[in-house]
Amino acid sequence: MDSFAVLVLHLMFEASLPDSVFRAYIDTLPQAVDLPLSWSEEEMGQLNGTQLLPYVKQQQASVKQDYDTLVQSLLAKHPLLFPAESFNLERFIWATSIVMSRSFLFNIGGALHPV
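**Remarks on the packing of helix H4 (residues 52-77) against helix H5 (residues 89-102)**
Here is step 1: At a closest axis distance of 10 Å, the pairing of H4 and H5 adopts a crossing angle of 115 degrees. Considering only the axes of H4 and H5, their crossing is right-handed. Judged by residue contacts, Gln 59, Val 63, Lys 64, Asp 66, Tyr 67 and Val 71 of H4 engage Leu 89, Phe 92, Ile 93, Thr 96 and Met 100 from H5.
Here is step 2: Looking at the contact of H4 with H5, its residues break down into seven nonpolar, two polar and two charged.

Written out as structure tokens, the structure reads:
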């Protein structure tokens, strides 16, 4: 699991805890992030004819695959620790959008890591 995925899952986990030590910060985050990652098919239509459309569709598919691979296995193995209502695809897209919009990549030891 890469460091980006760890941040996303950690944010989801902390956001699911009412008494998280990060609650004050989490409460300042927007509940919706208007990035193409979360756009509907209708909204995606605005990108028709652009070079951005295939990139966004690929990114959406990649996030869905990450959810299916990472989160679904956590839900199956640890349902009490990772309740399905807090770890659904919508929340995964939200957490991914938050990390994407609020982190920077640094080269650490020859690999890029979000910080």
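**Some remarks on the confidence of the model for the chain**
Here is step 1: Overall, the prediction assigns the chain a mean pLDDT of 89, with 94% of residues at 70 or greater.
Here is step 2: Confidence, expressed as mean pLDDT per element, reaches its minimum in the chain at strand S2 (residues 111-114) with 62 and its maximum at helix H2 (residues 23-28) with 96.

**Quick look at the side chain of Glu 14**
Here is step 1: Here Glu 14 is to be found in helix H1 (residues 3-16).
Here is step 2: Although buried, Glu 14 forms no salt bridge, and the nearest oppositely charged side chain, Arg 23, lies 6.9 Å from it.
Here is step 3: For Glu 14, the residues in contact, after removing those within four places along its chain, are Ser 20, Val 21, Phe 22, Arg 23 and Ile 26.

**Re the packing of aromatic side chains**
Here is step 1: Across all of its chains, the model carries three aromatic pairs by this definition.
Here is step 2: For the ring pair Phe 13 and Phe 82, a centre distance of 5.9 Å and an interplane angle of 55 degrees mean the geometry is tilted. A residue pair is termed long-range when its members are at least 10 positions apart, and Phe 13 in helix H1 and Phe 82 in the loop between H4 and H5 qualify at 69 residues.
Here is step 3: Phe 13 sits in the partly exposed class, given a relative accessible area of 22%.

**A word on H4**
An α-helical turn contains 3.6 residues, so any two residues separated by three or four positions project in the same direction.
Here is step 1: In this model, H4 (26 residues) spans 37 Å end to end at C-alpha, consistent with the 38 Å of a helix rising 1.5 Å per residue.
Here is step 2: Where H4 bends most, the angle comes to about 25 degrees, and this point is Tyr 67.
Here is step 3: Of all the positions in H4, only Leu 53, Val 56, Gln 59, Gln 60, Val 63, Tyr 67, Leu 70, Val 71, Leu 74 and Leu 75 are classed as buried.
Here is step 4: Summarising the contacts, the buried residues of H4 are in contact with H1, helix H3 (41-44) and H5.

**Here's the deal with the packing of H1 against H5**
Here is step 1: Look at H1 against H5: their axes get within 9 Å of each other, and the N-to-C directions meet at 120 degrees. Between H1 and H5, the crossing angle belongs to the class labelled oblique. Between H1 and H5 lies a crossing whose hand is right-handed. Facing Phe 4, Leu 7, Val 8, Leu 9, Leu 11, Met 12 and Ala 15 of H1, the residues of H5 in contact are Arg 91, Phe 92, Trp 94, Ala 95, Thr 96, Ile 98, Val 99 and Met 100.
Here is step 2: Partitioned by chemical class, the residues of the contact of H1 with H5 number 13 nonpolar, one polar and one charged.

**A word on H5**
Here is step 1: Between the first and last C-alpha of H5 there are 20 Å, a value that for 14 residues agrees with the 20 Å anticipated at 1.5 Å per step.
Here is step 2: Considered for burial, the residues of H5 that qualify are Phe 92, Ile 93, Trp 94, Ala 95, Thr 96, Ser 97, Ile 98 and Val 99.
Here is step 3: The elements touched by buried residues of H5 are H1 and H4.
Here is step 4: Its side-chain oxygen 3.2 Å from the backbone nitrogen of Glu 90, Asn 88 forms the N-cap of H5.

Definitions and limits used
Residues numbered from 1 in each chain as written. Predicted model: local features only at pLDDT ≥ 70, side-chain atom pairs only at ≥ 80, totals over all residues. Heavy atoms only, no water. Axes fitted to C-alpha atoms, helices over the stretch in contact; angles between N-to-C directions. Helix = DSSP H or I, 4+ residues; strand = E, 2+ residues; numbered from the N terminus. Left-handed = near helix turned anticlockwise from the far one by under 90°. Contact = heavy atoms within 4.5 Å. Nonpolar A, V, L, I, M, F, W, Y, C, P; charged D, E, K, R; others polar. pLDDT = per-residue confidence, 0-100. Buried < 20%, exposed > 50% of the residue type's maximum accessible area, 1.4 Å probe, protein only. Lys, Arg positive; Asp, Glu negative; His and termini not counted. Salt bridge = Lys/Arg side-chain N within 4 Å of Asp/Glu carboxyl O. Phe/Tyr/Trp six-rings, centres within 6.5 Å; stacked < 30°, edge-to-face > 60°. Expected span 1.5 Å × (residues − 1). Bend = angle between axes of the 7 residues up to and from the residue. Parallel < 35°, antiparallel > 145°, perpendicular 65-115°, else oblique. Polar contact = N/O pair within 3.5 Å; in protein donor to acceptor, adjacent residues only side chain to side chain.

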